[in-house]
Amino acid sequence: MKKTTYFFSLQLLYRVFFVVIIHMILSVILSLSTAPNHLIENADFLSVDLLRFSLAKAMITLSNLFTFDILIATSIYFIELNYNNMLIPILTAGYSRFNMLRLFIPAFIVLGSINFSILEYAQRWSDSTLRSLKATDFEFLNYSNKKSIWLQNGTDILYLEKDEYDNRLYHNTKFFKRNSEGHILYVQKSKNMIKKKKTMLFSHVNTYFMDDLKHRYEKEVQHPILFSFEAINFLNLSPNNIPISRLYTLSQTSHSGIVSPFIYKASFYNRLSGFIKPFGVIILVISLIPIVRRNSQYGLFFLSITILGFSSFLLDKIFVLIAGHGIIAPYFSGNITVLLQVIVATALLLRHEKLGK
């Protein structure tokens, strides 16, 4: 049983890696057409910068379509099994279509880990690479170019601008002190703010009181640290470029940064669901095996797989989007697509088991 499980899982993994390699080669070639002019003009036949650009673009594509690669590879594998007349011996050996999932448990673990790693590291590496190459057409660079940051703790709000060289120094700060009803009590504007170990030191401070419209100038004002500076360097990044541990931290903040906490929460759960997404696409393929067995209808099989695969891809993006706006619970953003895949696959498998196909 153990050897059989490892055999079938390895065979599936070989085909997934083959599809991924083909995918990466095509992506690298196609991405050359989108290279910025300054990279093309300075490139020779074996330009390292041009290759880095192409690899970065290819990794972005892979992070979005890796589960679709798994879908294609699994489909190819089961077509091979049917072509070599191996499906019937598997089914007659006591493996129902549900039990067939046990043959791929090691593959689920490996592919889930790889998918999570790609989601966790590929986008960040690509962003860093494209930024170093000054590939400003990269959409997510719009986040990281911004220096202004909004922080919130309870009803208090702090606006500041990061210093280019010193990560403890901030400029043009505005501190809004509000009451429990959200009304502003006073606003403190300062030229600079230095973050110390336990305090925030503001210099050249102008305080404007809202109740009597009075104004007060002070050379220095010191406040205890009221805001979380732990993840401040990530607030201006796209959620795709933030490590999952920081995503969780940011999802717990109350409207700090330029991105809604709902988006951080949706991105966190979507990233975490990377572990189980390969299971959803593989069980979809297994549920469609009777189409292959019945007169070897490969065209219908691939058409069904393609429709279900792209539908899953689009639904995944849609659920992340609406969860990021707080319309549905954030933990549904990544898991609901897998849940729908399992429900559809289970319904098909039960129907096939009932009909004895």
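Anything mentioned here points back to the structure above.
Residues numbered from 1 in each chain as written. Predicted model: local features only at pLDDT ≥ 70, side-chain atom pairs only at ≥ 80, totals over all residues. Heavy atoms only, no water.

**Examining the packing of helix H7 (residues 244-251) against helix H8 (residues 261-272)**
Okay, step 1: At a minimum axis distance of 8 Å, the contact between H7 and H8 shows a crossing angle of 145°. Between H7 and H8 lies a crossing whose hand is left-handed. Residues Ile244, Leu247, Tyr248, Leu250 and Ser251 of H7 form the contact with H8, whose participating residues are Pro261, Tyr264, Lys265, Ser267, Phe268, Arg271 and Leu272. (Axes fitted to C-alpha atoms, helices over the stretch in contact; angles between N-to-C directions. Helix = DSSP H or I, 4+ residues; strand = E, 2+ residues; numbered from the N terminus. Left-handed = near helix turned anticlockwise from the far one by under 90°. Contact = heavy atoms within 4.5 Å.)

**Considering the pattern of salt bridges**
Okay, step 1: Taken as a whole, this structure holds 6 salt bridges when the rule is applied.
Okay, step 2: For Glu120, the salt bridge is made with Arg124, and the minimal N-O distance between the two is 3.5 Å. Of this pair, Glu120 and Arg124 are both found in helix H5 (residues 105-132), 4 residues apart, which corresponds to roughly one turn of the helix.
Okay, step 3: For Glu120, a relative accessible area of 6% translates into the label buried. (Salt bridge = Lys/Arg side-chain N within 4 Å of Asp/Glu carboxyl O. Buried < 20%, exposed > 50% of the residue type's maximum accessible area, 1.4 Å probe, protein only.)

**As for the packing of aromatic side chains**
Okay, step 1: Tallied over the full model, the rule gives 11 aromatic pairs.
Okay, step 2: Ring geometry for Phe68 against Phe310: centres 4.7 Å apart, planes inclined by 45°, an arrangement best described as tilted. In this pair, Phe68 is assigned in helix H3 (residues 48-83) and Phe310 in helix H11 (residues 298-324), connecting sequence segments 242 residues apart.
Okay, step 3: Classification of Phe310 by relative accessible area gives partly exposed; the value is 43%. (Phe/Tyr/Trp six-rings, centres within 6.5 Å; stacked < 30°, edge-to-face > 60°.)

**As for unusual backbone geometry**
Okay, step 1: Its identity is not glycine, yet Asn172 carries a phi of approximately 50°, on the positive side.
Okay, step 2: Note that Asn172 resides in strand S3 (residues 169-178).
Okay, step 3: Among the residues examined, Asn172 registers a relative accessible area of 39% and is labelled partly exposed.

**A few points about the packing of H3 against H11**
Helix-helix packing is described using two parameters, namely the angle between the two axes and the distance between the axes.
Okay, step 1: Following both chains from N to C, one finds H3 and H11 inclined at 160°, their axes separated by 10 Å at the closest point. Comparing the axis directions of H3 and H11 gives the class roughly antiparallel. Of the two elements, H3 crosses H11, and the hand of that crossing is right-handed. Facing H3, whose interface residues are Asn64, Leu65, Phe68, Leu71, Ser75, Ile76, Ile79, Asn82 and Tyr83, H11 presents Tyr298, Phe301, Phe302, Ile305, Thr306, Gly309, Phe310, Phe313 and Lys317.
Okay, step 2: A class-by-class count of the residues in the contact of H3 with H11 yields 12 nonpolar, 5 polar and 1 charged. (Parallel < 35°, antiparallel > 145°, perpendicular 65-115°, else oblique. Nonpolar A, V, L, I, M, F, W, Y, C, P; charged D, E, K, R; others polar.)

Geometric descriptors of this kind do not, in isolation, establish any biological role.
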